Amino acid sequence: MDNSEKLFSSFAEALGIDASSVSDGLEYQSIPEWDSISHMILISQLEEDFEVSIDTDDVIDMSSVAKAKEILSKYNIVF
Amino acid sequence: MLLLNKTALITGASKGIGEAIAELYAEHGANLVLISRDMGRLTSLKNKIEHKNAVQVSIYRADVSNYEEIKSVFKQISSDKLSVNIIVNNAGVMLDGTLMMMKPEAIKQNIDVNTLGTINVAQASIKLLIKNRGGAIINMTSIIGTNGSSGQSVYSASKSAIIGFTKSLSKELSALNIRVNAIAPGFIATNMTEHIPAQQAIASIGLARVGQPLDVANVALFLASDLSSYVTGQVIGVDGGMII
């Protein structure tokens, strides 16, 4: 599993949706499952799966799957 | 043993109520993550607790009012692979004076440590609690925050803010199985209250005695344990029936 697949899997698990529903274009609050509460679960999931500690500014900025890739790249995760 | 296999993070842990909570939690089997500005006292407390109890105590230096320091400590806690279930926001200061006599620095310190410090630690801790699929946050307010007191308007403001914060955060985090409650101590015998004549205070306390740190720690134990699994968003007074 490469990091993109791992990221999609993290999103699917945190948001309780099928991995096939996750794409780069998926945006925060574009589906009922990705609300402000599940966003906290998502951040925790990403930290656990990628072994990083995400700064508060990045928690706020994580507005899409594509943005999550961009942010995680700052933490030396290669996509 | 109410806290077996749990880890509790306690701020302001080096003395007074924080120290009493740390010791009681350890007696109930909790591993501890202790934060204070005073590493000397923390080291002594760690040694004392680990000598008496089969628990692990990790200590960190931080000023809770300093956002960057708290961020850094929580990063260290994560990289040390510590799993935290309970947060006790105990660190506080009490700088008194009638409002006209309060210097801006004293006003700021009351708010920075008591209010912002609690918010800083709670914010940083949420991710740790979510990883454990839930947990408990216990914030320390005060009878001065619930009832007010002449000569303590700023301290009161800093502590009453904790009540609103606790009630709102409990609603925000209940879906994540994180309970948030507050304790409002009355007159407790610590270095923070040693300048207040005890006899004068006792006259206003129904149970006719000054409270001890253990009185507060016992309620903190209840709120941390599964005994309070259906309790959230509450402020519990520990004041012996004090009237102010």
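Relevant structure appears above.
Numbers given for residues are sequential positions, taken from 1 along each chain in its written order. The order in which chains are written sets their letters, starting at A; the order in which ligands are written sets their numbers, starting at 1. Where totals are concerned, whole chains, interfaces and linings use all residues; where local detail is concerned, this predicted model gives features only for residues with pLDDT of at least 70, and gives and counts side-chain atom pairs only at 80 or more.

(A) Looking closely at the overall build of chain A. Counting its secondary structure elements, chain A contains four helices and zero strands. A run of H or I in DSSP becomes a helix once it reaches four residues, and a run of E becomes a strand once it reaches two; helices and strands are each numbered from the N terminus. Reading chain A from its N end, one meets helices and strands in the order α-α-α-α. Rg of the C-alpha trace for chain A: 11 Å, near the compact-globule value of 12 Å for 79 residues, within the 12% margin. For chain A, the C-alpha atoms occupy an extent of roughly 30 × 30 × 20 Å along the three principal directions. Out of the 79 residues in chain A, the part that is buried amounts to 25%. We call two residues in contact if the C-beta atoms placed from their backbones are at most 7 Å apart. Sequence separation of at least 24 residues holds for 49% of the intrachain contacts in chain A that already meet a minimum separation of 6. C-alpha atoms define the radius of gyration in this analysis, and the globule rule sets the expected value at 2.2 Å times the number of residues to the power 0.38. The burial label depends on the number of other C-beta atoms within 10 Å of a residue's C-beta. Counts of 20 or more mean buried, 12 or fewer mean exposed, and intermediate counts mean partly exposed, with C-beta atoms placed from the backbone.

(B) A look at the overall build of chain B. Summing up its helical and strand segments, chain B has eight helices and seven strands in all. A globule of 244 residues ought to have a C-alpha radius of gyration of about 18 Å, and chain B, at 17 Å, matches this closely. Taking the principal axes of its C-alpha atoms as reference, chain B extends roughly 45 × 40 × 35 Å. Considering chain B as a whole, with its 244 residues, one finds that 46% of them fall into the buried category.

(C) The arrangement of the sheet that holds strand S3 (residues 57-61) of chain B in detail. Residues and elements named next belong to chain B. Strands are treated as partners if at least two bridges between them are detected by DSSP. Strand order in this open sheet of seven strands is S3-S2-S1-S4-S5-S6-S7, and the pairing throughout is parallel. The open sheet has two edge strands with one neighbour each: S3 and strand S7 (235-238). Averaged over all neighbouring strand pairs, the angle between strand axes comes to 15°, with direction disregarded. Of the pairings in the sheet, the one linking strand S6 (residues 178-185) to S7 comprises four bridges and is parallel in character. Within S7, the residue paired with Pro185 across the bridge is Val238. To get an axis, fit a line to the C-alpha atoms, keeping to the stretch in contact for a helix; angles then go from 0 to 180 degrees between the N-to-C directions. Here helix H1 (residues 16-27) sits on the sheet and contacts strand S1 (7-11), strand S2 (31-36), strand S4 (86-89) and S6; the angle it forms with S1, its principal contact strand, is near 170°.

(D) Summary view of the environment of Glu194 of chain B. Tracing the backbone shows Glu194 of chain B in the loop between S6 and helix H7 (198-202). C-alpha separation for the pair Glu194 of chain B and Lys71 of chain B, spaced 123 residues apart in sequence, amounts to 33 Å.

(E) Up close: the environment of Leu173 of chain B. Residue and element names in this part refer to chain B. Among the secondary structure elements, Leu173 is positioned in helix H6 (residues 153-173). Considering only alpha carbons, one finds Leu173 and Ala22, 151 residues apart in sequence, at a separation of 25 Å. Filtering out sequence-adjacent residues up to four positions away, Leu173 remains in contact with Ile178 and Val180.

(F) View of the interface of chain B and chain A. Each partner contributes residues to the interface: chain B has eight residues there, and chain A has eight residues. Going through the elements one at a time, helix H3 (67-79) and helix H4 (104-131) of chain B are the ones with two or more residues in the side of chain B that touches chain A. With four residues, the top contributor of residues to the side of chain B that touches chain A is H4 of chain B. Just so you know the grouping, Ala, Val, Leu, Ile, Met, Phe, Trp, Tyr, Cys and Pro go in nonpolar, Asp, Glu, Lys and Arg go in charged, and all remaining residues, Gly too, go in polar. For the side of chain B that touches chain A, the class distribution of residues is four nonpolar, one polar and three charged.

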